[in-house]
Amino acid sequence: MEEALIALLLSHAPLTALLGQKIRPGRADQADVPPFAVVQVIDSNRSYTLAGASGVVAARVQIDVYADTYSAAKQAARLIEARLSGHRDQFFQAIFLTDQRDLPAADAGAVTTKFRTSIDITVHYGEQQ
């Protein structure tokens, strides 16, 4: 699912015009210069019926956008929202925006000049056998 989600984001020309190919799974490359985005699964829940697994998964995915300016982080986040919110296709049954927040780009106590916007989405998809 993660690979398909990243491919969906990379197919959005306005987003790649801003980020290039810098949409990473799990963590950024050390050589990445902002702006870039990091995609990670926070949790996933498989749905069951009395007959067993239904094959449907609902995953909560966090996408963090890092940039040198607040406006660049927000611009990229809005492009991601525009691409994903309400999306459905042959693989994804539905994608919903569930939360967004602005956070410092570093852990508590560290000093940074970077900005981060974090987006949570819920992704409903069929489990591949």
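Just so you know, these numbers come straight off a predicted model, no measurement behind them.

Caption draft 1: Layout of the pairing of strand β5 (residues 115-126). Where burial is concerned, most of β5 is hidden: ten out of the twelve residues are buried. Taken together, the eleven bridges between strand β4 (residues 92-104) and β5 define a ladder with antiparallel strand orientation. For P104, the partnering residue across the bridge sits in β5 and is F115.

Caption draft 2: Main features of the packing of helix α1 (residues 2-10) against helix α3 (residues 70-84). One can describe the packing of α1 onto α3 by two numbers: an axis separation of 10 Å at closest approach and a directional angle of 110 degrees. Taken together, α1 and α3 sit at an angle that is classed as roughly perpendicular. Crossing angle aside, the handedness with which α1 passes α3 is right-handed. Taking contact as the criterion, the partners of L5, L8 and L9 in α1 are, on α3, I80, R83 and L84. Class assignment for the residues of the contact of α1 with α3 results in five nonpolar, no polar and one charged.

Caption draft 3: A look at the packing of aromatic side chains. Under the definition given, this model contains four aromatic pairs. Seen in terms of ring centroids, F36 and Y66 are 5.1 Å apart; in terms of plane orientation they differ by 25 degrees. Their pairing is stacked. Remark: Y66 occurs in strand β3 (residues 52-67) and F36 occurs in strand β2 (residues 36-49); sequence separation between them is 30 residues. For Y66, a relative accessible area of 16% translates into the label buried. Between Y70 and F115 the ring centres are 6.3 Å apart and the planes differ by 75 degrees, which places this aromatic pair in the edge-to-face class. Taken together, the positions of Y70 in helix α3 and F115 in strand β5 put the pair 45 residues apart, joining distant regions of the chain. Residue Y70 is classed as partly exposed on the basis of its relative accessible area, which comes to 41%.

Caption draft 4: Spotlight on the sheet that holds β4. Spatial strand order, β1-β2-β3-β5-β4: five strands in an open sheet with mixed pairing. Both outer strands of the open sheet, β1 (23-25) and β4, are each paired with one neighbouring strand and no more. Strand-to-strand twist in this sheet, taken as the mean axis angle between neighbours without regard to direction, amounts to 25 degrees. Note that β3 and β5 share twelve bridges and pair antiparallel. Paired with Y66 across the strands is R116, a residue of β5. On top of the sheet, α3 reaches β2, β3, β4 and β5; it is set at about 10 degrees to β5, its chief contact.

Each value, and the rule that gives it
Residues numbered from 1 in each chain as written. Predicted model: local features only at pLDDT ≥ 70, side-chain atom pairs only at ≥ 80, totals over all residues. Heavy atoms only, no water. Buried < 20%, exposed > 50% of the residue type's maximum accessible area, 1.4 Å probe, protein only. Helix = DSSP H or I, 4+ residues; strand = E, 2+ residues; numbered from the N terminus. Pairing = 2+ DSSP bridges. Axes fitted to C-alpha atoms, helices over the stretch in contact; angles between N-to-C directions. Parallel < 35°, antiparallel > 145°, perpendicular 65-115°, else oblique. Left-handed = near helix turned anticlockwise from the far one by under 90°. Contact = heavy atoms within 4.5 Å. Nonpolar A, V, L, I, M, F, W, Y, C, P; charged D, E, K, R; others polar. Phe/Tyr/Trp six-rings, centres within 6.5 Å; stacked < 30°, edge-to-face > 60°.

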